[in-house]
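The lines below spell out each chain.
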Amino acid sequence: MTSERKRILKIRDLRVSFKTANGLVHAVRGVDLDVYRGETVAIVGESGSGKSVTAKQVMGIRTRNEVVESGTAEFTYVGSDGAEHTVDLMSLSDKEMVGLKGNHIAMVFQDPLTSLDPTMTIERQLAEGIREHTDLTGSDLHARCVELLELVGITEPEARLKSYPHQLSGGMRQRVVIAIALSCDPDLLICDEPTTALDVTIQARILDLIIELQRKLGISVIFITHNLGVVAKVADYVNVMYAGKIVEAGTTEDVFFDPRHPYTWGLLSSMPSVSASREERLFTIKGNPPNLLNEIVGDAFAPRNPFALEIDFVKEPPRFEVNDHHWAATWLLDPRAPKVEMPAQLRSRIAQMRQDGGEAR
Amino acid sequence: MGAAGVVEQGGPLLSVRNLRQYFKIPGGNVVKAVDDVSFDIMPGETFGLVGESGSGKSTTGRAVIRLDDITSGSIVFDGDDISGKLSKEVAQRLRTNMSMVFQDPMASLNPYRKVIDTIATGLDAHRPHMDRREREELVYQMMDRVGLSRSQANRYPSQFSGGQRQRVGLARALIMNPKLVIADEAISALDVSIQAQVVNLMRDIQQETGAAYLFIAHDLSMVRYISDHIAVMHLGHIVESGRTDEIFSHPVHPYTRSLISAIPRFNPQVERDRHPLVYDAKAQGIRYDEGSYHIVSGTHSVLATDQQLEAWVD
Ligand SMILES: Nc1ncnc2c1ncn2[C@@H]1O[C@H](COP(=O)(O)OP(=O)(O)OP(=O)(O)O)[C@@H](O)[C@H]1O
Ligand SMILES: Nc1ncnc2c1ncn2[C@@H]1O[C@H](COP(=O)(O)OP(=O)(O)OP(=O)(O)O)[C@@H](O)[C@H]1O
Ligand SMILES: [Mg+2]
Ligand SMILES: [Mg+2]
């Protein structure tokens, strides 16, 4: 957090909708996001809140019924000419995008099967990626493929390279996709739920790998996940998304130890507490997320927010700064608002967590 | 999360004995994906299956619901032997009474079918003459329960987020009130608040209908919360199994211990520098074919040689 932090991605006022038979789905409603060199930014939030759609904009991946209503995404990189370039990813041609994707930006998609070709062996799929940005051929190329599989913890790499995707377990497929993404030494790596199918030990290993590469190569990572333990491990900054907007952002410590938005409170409260007995019901946020077909008035979370103020139903809250690296968009932070504390249960949980070092047992 | 009122008496709902599932892979090798696995699931209980990636969890699930022909072993479900060729009658019963939620939601949903029809699959197969309104109403109710909105009923899978797709699969599996649901990483793709919602839902359904769950997952904190019994798999073997509290309070096998130590903590200051225990069967000289199952206490058993057991239980 020194003054030399270098911003490599700057997203502003991103708005994306989808045309459906029932009308326009407003999936992303004004997202701002900054990513700095060598840092990891996590996006957490409710399922369907627009995390993947946001990330896919950076990759220029859009479906036919998708409408980008506004937004810029300035990406800064050092080109092969050695000079620094800044481009707006939202207005690049497909061809320009392909050039960037091979060499500077890579993404690990949420659904590993869909990003692998079922008719091609793992080796061909890996080799294809590597060949695009290196001159490796023959046995060197093969050796690199083996090395990459070993890197992501796949045993018997030789046999696995000859396999087809359906012959691998879910977690192995996911790791192959990670290996492909890493193969191009990207400046910016976007991981969309990269470890959901992985058991805890492999997950820890992949996360360590990403952290290590990051330290070594200074890559930046956007990490989308719902696993707050993973966030605690990898992220420097956390953005909490709800119904197409970022509602709270700060350092990982800010968000875990001093959450301010009632949705963040709900999210943190929903983690199974380690001492929870099985007779206890898990805490859930009452109600359903808003229907994104409708226009949203006020704070989108208000109908589910037990602490909602009248104004929450009328007017959209602006961002209130908690400190210079932490803000939340909730009227509760307005100086005129009544003083509302986070739920007592969450407060004691956070206190407990800080005290005993977050022991899960 | 067994229903409080269900008394575990009578026989198991599912009984798996010496299950083996081998696959030939390129290069002439054979993968012993599942190698001599035995376990029982009682009616109305939740049986958690955990273990590292590639340890054979999905393969076990797929074998139980007979998606693959098994190499050897026996599977008895609700009184029917389902290990061999299935008669029409048994196949029909199996399809009504057992369902599965798949690990890859996108790959298991037909991209050209609207989700309303996907969720109604079971209804259409077993009650083909159902009134259209009634069918629709049942699907809507199910969608409500898993936290999807009715306005999404006519969409196609590609138009959903990852977590929403997984809930479509869940709705499809639950709509027939099956006796056994195999949930393969069914909640891993969901955010924590929806996870909690789905887990509560699964438990409600269990309480209402007495369904049993084979709950395959890698998130031990959730598995611990949801399961009555747990089996830990590694390299195709169950290395340790027992009641949830037995496993968590006295893990014996070093692999189980390493798994438990790898559960992420929620404190960023601690988590960044924490390194879980490492388990390497080869390096520690553990060969599963040399061990046999030893009872530690009650239902708690461990795959080990006599010497290993002595060293591990201290
Ligand atoms: N092609 C599409 N057509 C219509 N709606 C879509 C389409 N793709 C996504 N959506 C909707 O846009 C919203 C945001 O989707 P997105 O995939 O970004 O969610 P997410 O935050 O990644 O959720 P998850 O955690 O479940 O993956 C969802 O409500 C989804 O249903
Ligand atoms: N059709 C197949 N052909 C060849 N090998 C297979 C096939 N299906 C599974 N395997 C192999 O069997 C082993 C067990 O796979 P399985 O999918 O059961 O693992 P898993 O425990 O579910 O892992 P994950 O947590 O990664 O999903 C793996 O080594 C896998 O590569
Ligand atoms: Mg997503
Ligand atoms: Mg699996």
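Further up the page is the structure itself.
Below: a short report on this structure. On a predicted model such as this, the values are computed, not experimentally measured, just so you know.

Brief notes about the overall build of chain B
Item 1. When helices and strands are tallied, chain B shows 13 helices and 12 strands.
Item 2. The C-alpha radius of gyration computed for chain B amounts to 20 Å, which stays within 12% of the reference 20 Å derived for 314 residues, consistent with globular compactness.
Item 3. With respect to the principal axes defined by its C-alpha atoms, chain B has extents near 65 × 55 × 50 Å.
Item 4. Each of the 314 residues in chain B was classed as buried or not, and the buried ones make up 59%.

As for the interface of chain B and chain A
Item 1. Each partner contributes residues to the interface: chain B has 66 residues there, and chain A has 71 residues.
Item 2. Here chain B and chain A share an interface that buries about 5,600 Å² over both sides, 53% of which is from carbon and sulfur atoms.
Item 3. Among the residues of chain B in contact with chain A, Tyr225, Phe266 and Arg272 of chain B are the three that bury the most area, contributing 13% of the side total.
Item 4. Between the two partners, chain B and chain A, sit 0 salt bridges.
Item 5. Summed over the shared surface of chain B and chain A, the number is 7 residue pairs in polar contact (both at pLDDT 80 or more).
Item 6. If you list the elements that add at least two residues to the side of chain B that touches chain A, you get β1 (14-25), α3 (105-108), α7 (162-174), α8 (192-209), α9 (220-226), α11 (254-261) and α12 (268-271) of chain B.

Some thoughts on the site of ligand 1
Item 1. By nearness alone, 23 residues border ligand 1, and Ser47, Gly48 and Ser52 of chain A together with Ser161 and Gly163 of chain B come closest of all.
Item 2. Neighbouring residues of ligand 1 are not confined to a single chain but are spread across chains A and B.
Item 3. With respect to ligand 1, the side chain of arginine 155 of chain B contributes an N or O atom lying 3.0 Å from an oxygen atom.
Item 4. Burial of ligand 1 by the surrounding chains reaches 95%, relative to a free accessible area of 640 Å².
Item 5. Going through the elements one at a time, β1 (7-20) and α1 (51-58) of chain A together with α7 of chain B are the ones with two or more residues in the shell around ligand 1.
Item 6. Across the shell around ligand 1, the residue classes break down as 5 nonpolar, 15 polar and 3 charged.

A short note on helix α3 (residues 122-133) of chain A
Item 1. Within α3 of chain A the residues assigned to the buried category are Ile122, Gln125, Leu126, Ala127, Gly129 and Ile130 of chain A.
Item 2. Packing partners of the buried residues in α3 of chain A comprise α4 (138-151), α5 (157-161) and α6 (170-182) of chain A.

Here we look at the pattern of salt bridges
Item 1. Across all of its chains, the model carries 32 salt bridges over all chains by this definition.
Item 2. Aspartate 258 of chain A is the salt-bridge partner of arginine 260 of chain A, the closest N and O atoms lying 3.0 Å from each other.
Item 3. For aspartate 258 of chain A, a relative accessible area of 28% translates into the label partly exposed.
Item 4. In this structure, aspartate 80 of chain B and arginine 93 of chain B form a salt bridge, with 2.8 Å as the shortest nitrogen-oxygen distance. In this pair, aspartate 80 of chain B is assigned in strand β5 (residues 80-81) and arginine 93 of chain B in helix α2 (residues 88-97), connecting sequence segments 13 residues apart.
Item 5. Judged by its relative accessible area of 34%, arginine 93 of chain B falls in the partly exposed class.

What about the side chain of asparagine 305 of chain A?
Item 1. With respect to the helices and strands, the residue asparagine 305 of chain A is situated in the loop between α10 (262-269) and β11 (320-323).
Item 2. A polar contact is formed between the side chain of asparagine 305 of chain A and the backbone nitrogen of phenylalanine 307 of chain A, at a distance of 2.8 Å.

Some thoughts on the packing of aromatic side chains
Item 1. Inspection of every chain in the model, using the stated rule, returns 8 aromatic pairs over all chains.
Item 2. On the basis of an interplanar angle of 20 degrees and a centroid distance of 5.1 Å, the ring pair of phenylalanine 39 of chain B and phenylalanine 47 of chain B is categorised as stacked.
Item 3. Phenylalanine 39 of chain B sits in the buried class, given a relative accessible area of 6%.
Item 4. One aromatic cluster is present, built from ring pairs that chain together Tyr242, Tyr263 and Phe301 of chain A.

Concerning the nonpolar core
Item 1. Counting residues in each nonpolar core, the largest one holds 112 residues, and the members touching the most others are Leu9, Phe75, Leu89, Leu188, Ile190 and Leu228 of chain A.
Item 2. Each of domain 1 (7-241) and domain 2 (261-360) of chain A gives at least three residues to this core.
Item 3. Not counting the four nearest positions on each side in its chain, isoleucine 190 of chain A is found in contact with Ala55, Val58, Met59, Ile105, Ala106, Met107, Val108 and Ile222 of chain A.
Item 4. Formed by 64 residues, the second largest nonpolar core is a distinct cluster that contains Val199, Ala217, Leu220 and Ile226 of chain B.

Structural notes on the sheet that holds β1 of chain A
Residue and element names in this part refer to chain A.
Item 1. Reading across the sheet, the 4 strands line up as β2-β1-β4-β5 and stay open at both edges, with antiparallel pairing between neighbours. Two strands close off the open sheet at either side, each with one partner strand: β2 (23-36) and β5 (84-88). Geometrically, the sheet is characterised by an average inter-axis angle of 10 degrees between neighbouring strands, direction not taken into account.
Item 2. As paired strands, β1 and strand β4 (residues 66-78) are joined by 8 bridges and run antiparallel to one another. Of the residues in β4, the one forming a bridge with isoleucine 11 is alanine 73.
Item 3. Sheet strands in contact with α1 are β1, β2 and β4, and its direction is about 120 degrees off that of β1.

Observations concerning α10 of chain A
Item 1. Within α10 of chain A, 8 of the 8 residues are buried, which leaves it mostly tucked inside the rest of the structure.
Item 2. Here α10 of chain A has its buried residues at Pro262, Tyr263, Thr264, Trp265, Gly266, Leu267, Leu268 and Ser269 of chain A.

Thresholds applied
- Residues numbered from 1 in each chain as written.
- Chains lettered and ligands numbered in written order.
- Predicted model: local features only at pLDDT ≥ 70, side-chain atom pairs only at ≥ 80, totals over all residues.
- Heavy atoms only, no water.
- Helix = DSSP H or I, 4+ residues; strand = E, 2+ residues; numbered from the N terminus.
- Rg over C-alpha atoms; globule rule 2.2 N^0.38 Å.
- Buried < 20%, exposed > 50% of the residue type's maximum accessible area, 1.4 Å probe, protein only.
- Contact = heavy atoms within 4.5 Å.
- Buried area = accessible area lost by both parts, 1.4 Å probe.
- Salt bridge = Lys/Arg side-chain N within 4 Å of Asp/Glu carboxyl O.
- Polar contact = N/O pair within 3.5 Å; in protein donor to acceptor, adjacent residues only side chain to side chain.
- Near = heavy atom within 4 Å.
- Areas by Shrake-Rupley, 256 points an atom, 1.4 Å probe, with all protein chains shown as cover.
- Nonpolar A, V, L, I, M, F, W, Y, C, P; charged D, E, K, R; others polar.
- Phe/Tyr/Trp six-rings, centres within 6.5 Å; stacked < 30°, edge-to-face > 60°.
- Core = buried A, V, L, I, M, F, W, Y, C linked by side-chain atoms within 4.5 Å.
- Domains from an automatic or database assignment.
- Pairing = 2+ DSSP bridges.
- Axes fitted to C-alpha atoms, helices over the stretch in contact; angles between N-to-C directions.

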